[in-house]
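# Breakdown of the fold
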Amino acid sequence: MKELISKAKTKESHAALLAFVFAVIVFLFSWHSDDAYHSYVMARNLVWGNGLVYNIGYRVNASTCPLFTLLEALFYLVIRNMELASSLLSTISCYITAYILFKKCCKNLLYSLLAFAGMLICYSFMSFTASGLENPLLFMFGVMFLSEYAQNEYYNKKHLFIIALLTSLLAMTRMDIVLIFIPMILYMYLLKTKVKFIHRVFIGLAGLLPFISWCLFSLFYYGFIFPNTFYAKLNVNIPASEFIQRGISYLGFSFAYDLMLLLVPLSLIVLTIRYRNKKTLILITGMLLYYVYVVSIGGDFMVGRHLTVPFFLSLCSLFLLINTITDNKKENLYIYSYVGILVICLILNMSLSKLIKKYFYGSTNNAAITCAADEREFYVSSGLDTLSILSCQFNNQDLNMVAADEFYFNLIDSLRNKGYKGLALEDTTFYGVIIYYAQDRSDTPFYVTDDHGLMDAFVVRLPNTDNNNWRTGHIQRQFPAGFQETISSGANVIEDPNLHEYYDHMNLITAGDLFSSERINTIIDMNTGRYDYLLN
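### Comments concerning the pairing of strand β2 (residues 447–450)
- Burial of β2 is two-sided: the residues Tyr447 and Thr449 facing one way and the residues Val448 and Asp450 facing the other way are all buried.
- Here strand β1 (residues 422–425) pairs with β2 via 4 bridges, running parallel. Paired with alanine 424 across the bridge in β2 is threonine 449.

### Considering the pattern of salt bridges
- According to the stated counting rule, one finds 10 salt bridges in the structure shown.
- Between glutamate 12 and lysine 103 there is a salt bridge, with the nearest N and O atoms lying 3.4 Å from each other. With glutamate 12 in helix α1 (residues 2–29) and lysine 103 in helix α4 (residues 82–105), this pair connects stretches of sequence that are 91 residues apart.
- Overall, the relative accessible area of 32% leaves glutamate 12 in the partly exposed class.
- As a salt-bridge pair, glutamate 375 and arginine 471 come within 3.5 Å of each other at their nearest N and O atoms. With glutamate 375 in helix α19 (residues 375–381) and arginine 471 in the loop between β2 and α24 (483–489), the pair connects residues that are 96 residues apart, well separated along the chain.
- Using a relative accessible area of 25% as the deciding quantity, one classes arginine 471 as partly exposed.
- Shared partners join several salt bridges into a network, and the residues in it are Glu134, Arg174, Asp176, Asp300 and Arg305.

### With respect to the packing of helix α5 (residues 109–121) against helix α16 (residues 308–323)
- Interaxial distance between α5 and α16 falls to 11 Å at its minimum, and their mutual angle equals 160°. In terms of their interaxial angle, α5 and α16 are classed as roughly antiparallel. As α5 packs across α16, the resulting crossing turns out to be right-handed. Packed against α5, whose contacting residues are Tyr111, Leu114, Ala115, Gly118 and Met119, the element α16 presents Phe311, Phe312, Leu315, Phe319, Ile322 and Asn323 at the interface.
- Counted by class, the contact of α5 with α16 contains 9 nonpolar, 2 polar and no charged residues.

### Side note on a nonpolar patch on the surface
- Taken together, the side chains of Ile182, Leu186, Leu190, Leu191, Phe197, Ile198, Val201, Phe202, Leu205, Leu209, Ile212 and Leu216 make up a nonpolar region of the molecular surface, amounting to roughly 1200 Å² of accessible area.
- Elements with a contribution of two residues or more to the nonpolar patch: α9 (182–191), α10 (197–207) and α11 (209–221).
- When residues of the nonpolar patch are assigned to their parent elements, the largest contribution, 5 residues, is made by α10.
- With respect to the helices and strands, the residue valine 201 is situated in helix α10.

### Digging into the layout of surface pockets
- Its boundaries defined by the atoms lining it, the second largest pocket holds a volume of some 480 Å³.
- Elements that contribute at least two residues to the lining of the second largest pocket include exactly α23 (431–439), β2, α24 and α25 (497–511).
- Looking at the lining of the second largest pocket element by element, the count peaks at 4 residues for α25.

### Here's the deal with the side chain of lysine 233
- Mapped onto the fold, lysine 233 is located in helix α12 (residues 228–234).
- For the buried lysine 233, no salt bridge exists, and the shortest N-O distance to an oppositely charged side chain is 4.4 Å, to aspartate 35.
- Discounting residues that sit within four places of it in the chain, lysine 233 has contacts with Asp35, Phe243, Gly473 and Ile475.

### Observations concerning unusual backbone geometry
- Here arginine 80, not a glycine, exhibits a phi torsion of approximately 65°, which is positive.
- Summarising the element assignment, arginine 80 is placed in the loop between α3 (66–79) and α4.
- Note on arginine 80: relative accessible area 46%, which makes it partly exposed.
- Residue arginine 276 is not a glycine yet carries a positive backbone phi of 50°.

Conventions used here
- Residues numbered from 1 in each chain as written.
- Predicted model: local features only at pLDDT ≥ 70, side-chain atom pairs only at ≥ 80, totals over all residues.
- Heavy atoms only, no water.
- Buried < 20%, exposed > 50% of the residue type's maximum accessible area, 1.4 Å probe, protein only.
- Helix = DSSP H or I, 4+ residues; strand = E, 2+ residues; numbered from the N terminus.
- Pairing = 2+ DSSP bridges.
- Salt bridge = Lys/Arg side-chain N within 4 Å of Asp/Glu carboxyl O.
- Axes fitted to C-alpha atoms, helices over the stretch in contact; angles between N-to-C directions.
- Parallel < 35°, antiparallel > 145°, perpendicular 65-115°, else oblique.
- Left-handed = near helix turned anticlockwise from the far one by under 90°.
- Contact = heavy atoms within 4.5 Å.
- Nonpolar A, V, L, I, M, F, W, Y, C, P; charged D, E, K, R; others polar.
- Patch = residues over 30% accessible without salt bridge, like charges linked within 9 Å, V, L, I, M, F, W, Y side chains within 5 Å.
- Areas by Shrake-Rupley, 256 points an atom, 1.4 Å probe, with all protein chains shown as cover.
- 1 Å grid on protein atoms, 1.4 Å probe; cavity = no way out; pocket = protein on both sides within 12 Å on 5 of 7 lines; lining within 4 Å.
- Points joined across faces, edges and corners; volume = space filled by probe spheres on them.
- Lys, Arg positive; Asp, Glu negative; His and termini not counted.

In structure tokens:
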């Protein structure tokens, strides 16, 4: 007994030490995408007492990851430096993630080191461990879910509640990620429990209460359950076949750019079929379902981003599955094969990524360029890595990217000083960075929107304009006549009578009296499609 306790303590200490080293690497590797600044704006506004909003005075949810945004606000409340707060949140999440992986999924130090190496070699995974986006929280809740799923044969009330709660937290972090976990949830709740059905229902509802509460809050506060980014990216007049074509290109591009994203899940599939492991097969079913979903939405503009969670779950499950193999020769064979995959990926990733960049990014073919991009490389070269940002702030210097966009800051300052209420930007990058730092320059609220509609509930519902040349997640809308004047003056002067009326309804939802019965009725009518004809 004493020997077992001693081994357990040794394993825990090894896991803690390795996780700490991994967390340090994550922090040093951290950076901040422009998309991250959208949640930074909302988190800071919440701390400043302006509500969980993007533009002050207008209730619009521009964040796909509400739980991550709320946690960022909590860290910012203490630290008062948003980039540092976000990086620390991501680093702590990754420490917990790595600790659970090493302690629960790896049976010895060697396996922990191999898992550690697998994470480091996967460039896409490391890119999104601390990018200001929600991925580290998904990794943490994902490994917690997988640990609970794998270590039990039958699930009692406590297990079912934990699973429901983790599902709720995953959904609050990013709704669509739950697709991976649905088959496992059904397996546990319907096939592998002796708890009475009615009790299962109540336990599930109790665990899902945080997510249900958020949905009700979002519907009341913003007027809609889904974030504004959902409509910006998917509420478009583009054939499904084009989305599927882009999605397939995204998978192929990401797999070629980072072979670990492909070879680790494939290794898990092969080993699962070889040993007919039912529980792992159910996980793979969820992953395949998620891959289909990623293809259906056109993938993403950030190479590998949507494939990091399936990769990480595959890595965890691969070691869990190898742990169950009793034949030492076969176990060693699989470990050697895994090491071979690491070596191959380490060598080929460096050479293939250069060829891919040269072929795609050196081409004038817009379809190739807009397939996906290495966002980390771009933003780090622009000075948006954490260490560069902290260095600039310590030396009272403007960030390189902020200095590059000085034109927009001067424009916003000039318009604000002249009494204008807002500005609608077109064909501009770095929206999040611009708005975040523009708010620092004055206490006077100034409304800023763009032609993607990310932060504007009216613009996001306008017809898209770039049907033939669009980029996933960045689909432009055309402003109607009078919209610029409406934004700058604060008075509705949109010329088209139907759009004029639609704008009034949307403005009542986002800026009207929160508790007015007229606003509540308008929310109901808007969500049931009563005003859709005004957009035709």
